[in-house]
Amino acid sequence: MDDYPRTLMEFERRFATEEACRAYLVQLRWPEGVRCRRCHAPSVWATGRGLYHCPFCGFQTSVLAGTIFQDTKADLRLWFRAMWYVTNQKSGVSALGLQRTLGLGSYRTAWTWLHKLRAAMVRPGREQLRGTVEVDETYWGGPKPGKHGRGAAGKALIVVAAEVDGQHIGRIRLRRVRDTSAPQLERAVQDAVAPGSVVRTDGLHSYRRLVDRGYVYEVVRKEAAVGDNLLPRVNRVVALLKRWLLGIHQGRISVAHLDAYLDEFTFRFNRRTSHWRGKLFYRLAQQAVAVDARPTLRAPRQLVGV
Ligand SMILES: [Zn+2]
């Protein structure tokens, strides 16, 4: 059973102390009991404050080591409030919003925290899409491009995959690619979609060899017909994605950090029907302790417009 608070009151009661937060992370990280991170011995000694000592190999570890919380000097209660805030705002938050809400000392800290949390929004080894999947590409940033033009400087090319769920959209995957060449697009599809699935695209040449990769390939358009909406789910996702990106920092998102925003959008979109926002909090906390700590990111200097 997923164990998470349903309401703000439950959250406040549950995570009133640093120890309670730590215990929650221990439970998420080692649901079968704490193990040594080096020799995987199943019985380690708790030496206090979330630290563990392995009697077999002598290795010392903590519940925070190797996670996005590694080396944090902040109270875990503050991190928990950040996760609660981020997952309870339906359309996402800005660093400034996080800084103000939590009373963080600097914008830079808020920005770094947000990026660490975004890094945790990708589930390691997440499941691939299956069934029938619409796939198309879109551009972000730079001047208005031609539909299938080669990526120019300052523009990012994104492959969008959306599961067909009756009339609705199932899960989605987003991935940035270098260009519209066959190897780039094939790899994006292979990452996102399970073999044996039906991949529905427009007639772009680069997808043709998907058949050799074990996919059923379905072309919805032999020649460009203006006004036809033959990939409605992907088009809807693209529209929502662009509106969302524009809403954050007025669309001034550096291409270097775009991947993190794509992950956040995917995380939110795939859980858009979750009844309890606490479930998103639970997933985020769970993934936060499953993700290797990333090097500290620097706040962006150069931003690209839309
Ligand atoms: Zn050990």
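These notes cover the structure that comes with them. (Residues numbered from 1 in each chain as written. Predicted model: local features only at pLDDT ≥ 70, side-chain atom pairs only at ≥ 80, totals over all residues. Heavy atoms only, no water.)

1. Considering the pairing of strand 6 (residues 168-177)
To keep it simple, the criterion reads: A pair of strands is treated as paired once DSSP finds two or more bridges between them. Helix and strand assignments follow DSSP, with helices taken as H or I runs no shorter than four residues and strands as E runs no shorter than two, numbered in order from the N terminus.
Both strand 5 (residues 156-165) and strand 6 contribute to a ladder of eight bridges, which runs antiparallel. Along strand 6, the bridge assignment pairs V160 with L174. Count of turn residues in the strand 5/strand 6 antiparallel hairpin: two residues, of which G166 carries a positive phi of about 60 degrees.

2. Focus on the coordination of the zinc ion
For clarity, the cut-off: Each metal site lists N, O and S donors within 2.8 Å (3.2 Å for Na, K and Ca). With water left out of the atoms, a site can look as if it is missing ligands. A four-donor site is called tetrahedral if each angle lies between 85 and 135 degrees; a four-donor site is square planar, and a six-donor site octahedral, when trans pairs exceed 155 degrees and the remaining angles lie between 65 and 115; all other cases are labelled irregular. Buried residues are those whose accessible area, probed at 1.4 Å on protein chains only, stays under 20% of the maximum for their type, while exposed residues exceed 50% and partly exposed ones sit between those limits.
Ligation of the zinc ion by protein atoms is provided by C36 (SG), C39 (SG), C54 (SG) and C57 (SG), these donors lying 2.3 Å from the ion. Given four donor atoms and angles of 106 to 116 degrees at the metal, the environment of the zinc ion is assigned as tetrahedral. Of note, the donors binding the zinc ion are all from one chain and are spaced C-x2-C-x14-C-x2-C. With C36 in the loop between helix 2 (18-29) and strand 1 (45-48) and C57 in the loop between strand 2 (51-53) and strand 3 (60-62), this pair connects stretches of sequence that are 21 residues apart. With a relative accessible area of 26%, C57 lands in the partly exposed category.

3. Regarding the pairing of strand 7 (residues 198-201)
In this structure, strand 4 (residues 132-140) lies alongside strand 7, joined through three bridges in parallel fashion. For T132, the partnering residue across the bridge sits in strand 7 and is V198. Note: strand 7 against strand 8 (residues 216-219), four bridges, orientation parallel. Opposite T201, over in strand 8, you have V219 as the bridge partner.

4. A word on the sheet that holds strand 4
The condition that has to hold: All axes are obtained by fitting lines to C-alpha atoms, using only the stretch in contact for helices, and the reported angles, taken between N-to-C directions, cover 0 to 180 degrees. Only heavy atoms matter for contacts: two residues are in contact if any of them lie within 4.5 Å across the pair.
The five strands are arranged 6-5-4-7-8 in an open sheet whose pairing can be described as mixed. Either end of the sheet is taken by a strand with one partner, and the two such strands are strand 6 and strand 8. Adjacent strand axes in the sheet meet at a mean angle of 25 degrees when their direction is disregarded. On the sheet, helix 6 (residues 182-192) packs against strand 4, strand 5, strand 6 and strand 7 and is oriented at approximately 135 degrees with respect to strand 6. Each of strand 4, strand 5 and strand 6 touches helix 8 (residues 258-269); the most contacted strand, strand 6, lies at about 170 degrees to it.

5. Some words on helix 3 (residues 76-88)
Threshold: Take the residue count of a helix, subtract one, and multiply by 1.5 Å to get its expected span. In protein, a polar contact means a hydrogen-donor-capable atom and an acceptor-capable atom, both N or O and within 3.5 Å, with residues adjacent in sequence counting only if both atoms are side-chain atoms; elsewhere, any N or O pair within 3.5 Å suffices.
Taking 1.5 Å per residue as the helical rise, helix 3 with its 13 residues ought to reach 18 Å, and the 18 Å between its terminal C-alpha atoms agrees with that figure. Restricting attention to buried positions, one finds in helix 3 the residues L76, W79, F80, A82, M83, W84, Y85, V86 and T87. In this fold, the buried residues of helix 3 make contact with helix 1 (8-14), helix 2, helix 4 (95-102), helix 5 (107-119), helix 8 and helix 9 (277-288). Two to three positions downstream of the cap, the backbone nitrogen of R77 sits 2.8 Å from a side-chain oxygen, assigning the N-cap of helix 3 to D75.

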